[in-house]
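The residues making up each chain are set out below.
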Amino acid sequence: MPQSRITIDRDFTIGDVPRRLFGSFVEHMGRCVYTGIFEPGHPRADERGFRTDVLELVREMGPTVIRYPGGNFVSGYQWEDGVGPVAERPVRMDGAWHTIETNAFGLHEFVDWARAADVEIMEAINLGTRGVEEARSLVEYANHPGGTYWSDLRRRNGAEQPFDIKLWCLGNELDGPWQIGHKTAAEYGRLAQETAKAMKLVDDSIELVAVGSSNRGMPTFGTWEHTVLTHAYDEVDYISMHAYYREADGDAASFLAEAVDVDAFIDGVIATIDAVKAAGKHTKQVNISFDEWNVWDFDRYNDAEAAEIAASGWREHPRLIEDTYNVTDAVVVGTFLNSLLRHGDRVRIANQAQLVNVIGPIRSEPGGAAWRQTTFWPFERMARLARGRILQLAVSSSQIATNRYGDVDSVDAAATYDESTGRVVVFVANRAIDESNDLTIELHGMGSLRVVNAETLTIPEGGDRLTTNLEGSPDAVHMVPLAAAEVVDGAVRATLPPLSWTVLELA
Ligand code: AHR
């Protein structure tokens, strides 16, 4: 059996676990808002139209911060359309997703929903079709206590107290030709700088995220970040990253190794930030907001779905990119989370995109049930269990050959150590589809620990690597106890099942 060894030392840590690493994303896209989190008339909807069955699953999954309202949608959005009496709100054409937007759900509804879900809000502004004026008006509307035009409008609209939104995105994917209001890096860098300045003049306690590259393959990747930060380094706090992966041409081995690309992408953005910091003699540290990431079969969208949507005319909340996730996808999501955690000293915010229905870990049917997709589980476990300090791991692993990345480690790991409880949690994937892995974890300076819980997400009995959770079989894939995991002579010994993402809790 292939073997791997991880060495952990309590003194080798890279920083605190940033709680905002476990974020998600709600866009006005497809059925994420409408019939996702909001469905007046649904048997489980509350008096505000919030689906309580979905809310319960969101609370269980445990996102800490939610980005809203887009995404591509935000680049054509007028935030004023979504406030005030619902009956008076305009119906608009959303060009990003070829959809009719009724504006029945807007900022006040999202603030109420976020409070019910117990999550922080990360608000994105439109820098596609709009600019400095609308951005600073929105900050005044949301955060100023009162006595001014926009803050008093908020009060008249029923919110006496400010929303106190701390985290703001300066637009979305403006490096992408598909984006409404696509810009060059220099155009965007200047706009981001001036918009950030004006927003902070309204409320200097806010934190701002500049738009980075839409993915690592963008022709402008690297130069985009460099130019944008050269303009706006002093005014912003984070630069964004986005990445989606899919299994292409049945090449599961490469797909399972995508965290290698995530690691390299993050390291490249860190290098660019720090080059601008050094050249500009800046003292403050800009960090990363990885505010869209997931598994998404975007080829299916580009090849067929977008054309179908366009051909079927303008409709309200059509089904859009409702990917159904399998065991393999969940293991890839687990390794993505591992990579984010390994970089938690610099990636301070991350948002799995999106929360419900639209490539969501939660699915819901109009008038019907809500359930957990396979990808729900690694997110839920890491959001709940990653506490304290992030450990720097030494990993020595058997290898797997891949077409895209050459030989890669069969195991992919991240771990945390909570000094207050003495608890160590190791998150470890076995990328091999057909082979178990014999894992040893050497513990240095940890005292005497035992395995108090060991669970794994793997191929269920009678299933295969493509098994999914469907409305009629919502629990086909979930976390199950890991049979053999124990401490022997001061080291953890465990057998990782083929194609698995495992959590080992030591205390
Ligand atoms: O999350 C789906 C879409 O992916 C977002 O709207 C956009 O920002 C990205 O391209």
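The name recorded for the protein in an unreviewed UniProt entry is non-reducing end alpha-L-arabinofuranosidase, from Microbacterium kyungheense. Quoted verbatim from the Catalytic activity (unreviewed entry) field of UniProt, the annotation for the protein is "Hydrolysis of terminal non-reducing alpha-L-arabinofuranoside residues in alpha-L-arabinosides."

Caption draft 1: Broad picture of the site of the ligand. Around the ligand lies a shell formed by F25, E27, M29, G71, N72, W97, N172, E173, Y244, E292, W296 and Q354. E292 has a polar side-chain atom sitting 2.7 Å from an oxygen atom of the ligand. In terms of residue class, the shell around the ligand is built from five nonpolar, four polar and three charged.

Caption draft 2: A look at the domain arrangement of the protein. By domain assignment, the protein separates into domain 1 (3-9 + 389-506) and domain 2 (18-385). Placing the centre of domain 1 and that of domain 2 at their C-alpha centroids yields a distance of 30 Å. In this complex, domain 1 contributes 41 residues to the contact, which on the side of domain 2 involves 38 residues. Between domain 1 and domain 2, roughly 3,300 Å² of surface is buried when both sides are summed, and carbon and sulfur atoms account for 63% of that area. When the buried surface of domain 1 facing domain 2 is broken down by residue, Y405, R431 and W501 rank first, second and third, together holding 19% of it. Summed over the shared surface of domain 1 and domain 2, the number is four salt bridges. Notably, a salt bridge pairs R404 with E258, separated by 2.4 Å at the nearest N-O pair. Summed over the shared surface of domain 1 and domain 2, the result is 18 residue pairs in polar contact (both at pLDDT 80 or more). Contributing elements (two or more residues each) for the side of domain 1 that touches domain 2: strand 18 (399-402), strand 20 (411-418), strand 21 (423-430), strand 23 (451-457) and strand 27 (500-506). Here the side of domain 1 that touches domain 2 takes five residues from strand 20, the largest share from any one element. Of the residues assigned to the side of domain 1 that touches domain 2, the class counts are 23 nonpolar, nine polar and nine charged.

Caption draft 3: Focus on the sheet that holds strand 21. Judged by pairing direction, the sheet is antiparallel, and its seven strands sit side by side in the order 2-16-20-21-27-23-24 without closing on themselves. What marks the edges here is a single partner per strand, and that holds for strand 2 (13-16) and strand 24 (480-481). Looking at chain direction, strand 2 and strand 16 (residues 389-391) are connected through three bridges and run antiparallel. Across the sheet, the residue bridging to T13 is L391, located in strand 16. The strands touched by helix 10 (residues 327-342) within the sheet are strand 2, strand 16, strand 20, strand 21, strand 23 and strand 27, with strand 20 carrying the most contacts at an inclination of about 50°. In the packing of helix 11 (residues 376-385) onto the sheet, contacts are made with strand 20, strand 21, strand 23 and strand 27, and the angle to strand 27 comes to roughly 20°.

Caption draft 4: Fine view of the UniProt feature "domain: Alpha-L-arabinofuranosidase C-terminal" (unreviewed entry) in the protein. Taken from the UniProt record, the annotation "domain: Alpha-L-arabinofuranosidase C-terminal" (unreviewed entry) applies to residues 291-500. In residues 291-500, helix accounts for 19% and strand for 38%; the two terminal C-alpha atoms are 26 Å from one another.

Caption draft 5: Highlighting the side chain of S289. By the element assignment, S289 lies in strand 11 (residues 287-295). Of the polar contacts made by the side chain of S289, one reaches the side chain of D291; its length is 2.9 Å. If we skip the residues at most four places from it in the chain, S289 touches M122, V209, Y238, I239, S240, M241, I349 and N351.

Caption draft 6: Summary view of the pairing of strand 21. Across the eight residues that make up strand 21, a large majority, seven, are buried. Connecting strand 20 to the next strand, strand 21, in antiparallel fashion are four residues, including G422 with a positive phi near 75°. Relative to strand 27, strand 21 runs antiparallel, the two being bridged by seven bridges. For V426, the partnering residue across the bridge sits in strand 27 and is L504.

Caption draft 7: A look at the sheet that holds strand 12 (residues 315-316). The three strands lie next to each other as 5-6-12, forming an open sheet whose pairing is mixed. Pairing within the sheet leaves two strands with one partner each, and these edge strands are strand 5 (92-94) and strand 12. As paired elements, strand 6 (residues 99-101) and strand 12 share two bridges and run parallel to each other. Paired with I100 across the bridge in strand 12 is E316.

Caption draft 8: Quick look at the packing of helix 1 (residues 52-61) against helix 2 (residues 107-117). Where helix 1 meets helix 2, the axes come as close as 9 Å, and the angle between the chain directions of the two elements is 55°. In terms of their interaxial angle, helix 1 and helix 2 are classed as oblique. Listed contacts from helix 2 to L55, V58 and R59 of helix 1 are W113, A116 and A117.

Caption draft 9: Quick peek at helix 11. Within helix 11, nine of the 10 residues are buried, which leaves it mostly tucked inside the rest of the structure. The set of residues buried in helix 11 consists of F376, W377, P378, F379, E380, R381, M382, A383 and L385.

Caption draft 10: Representation of the pattern of salt bridges within the structure. One pass over the full model with this rule turns up 41 salt bridges. Across the pair R389 and D16 runs a salt bridge whose closest N-O atoms are separated by 3.0 Å. Here D16 lies in strand 2 and R389 lies in strand 16, a separation of 373 residues in the sequence. On the basis of relative accessible area, R389 is assigned to the partly exposed category, the value being 29%. A single salt-bridge network, built from bridges that share partners, covers R31, R319, E322, R363 and E365.

What counts, and where the lines are drawn
All chains use their own residue numbering, which begins from 1 and follows the written sequence. Predicted model: local features are reported for residues with pLDDT of at least 70 only, side-chain atom pairs are reported and counted for 80 or more only, and whole-chain, interface and lining totals are derived from all residues. Think of the side-chain values as coming from all heavy atoms in the structure, minus any hydrogens and water. UniProt positions are given in the numbering used here, feature names are shortened, and annotations may be inferred rather than shown by experiment. Nearness is defined per residue: one heavy atom within 4 Å of the molecule or strand is enough. Any N or O atom pair separated by 3.5 Å or less is treated as a polar contact, with the protein-specific requirement of one donor-capable and one acceptor-capable atom, and with residues adjacent in sequence counted only for side-chain atom pairs. We call Asp, Glu, Lys and Arg charged. Ala, Val, Leu, Ile, Met, Phe, Trp, Tyr, Cys and Pro are nonpolar, and the rest, Gly among them, are polar. Segment limits for the domains were obtained from an automatic or database-derived domain assignment. Contact definition: two residues touch when any of their heavy atoms are within 4.5 Å. What counts as buried area is the accessible surface, traced by a 1.4 Å probe, that two parts surrender upon association, with contributions from both included. The term salt bridge refers to a side-chain nitrogen of Lys or Arg lying within 4 Å of a carboxyl oxygen of Asp or Glu. Secondary structure elements are taken from DSSP: a helix is a run of H or I of four residues or more, a strand is a run of E of two residues or more, and numbering for both begins at the N terminus. Two strands form a pair only when DSSP identifies at least two bridges running between them. What counts as an axis is a line fitted to C-alpha atoms, over the stretch in contact for a helix, and the angles between N-to-C directions run from 0 to 180 degrees. Any residue under 20% of the maximum accessible area for its type is buried, any over 50% is exposed, and the rest in between are partly exposed; the area is computed with a 1.4 Å probe on protein chains only. Should an angle lie under 35 degrees it is considered roughly parallel, over 145 roughly antiparallel, and from 65 to 115 roughly perpendicular; all remaining angles are considered oblique.

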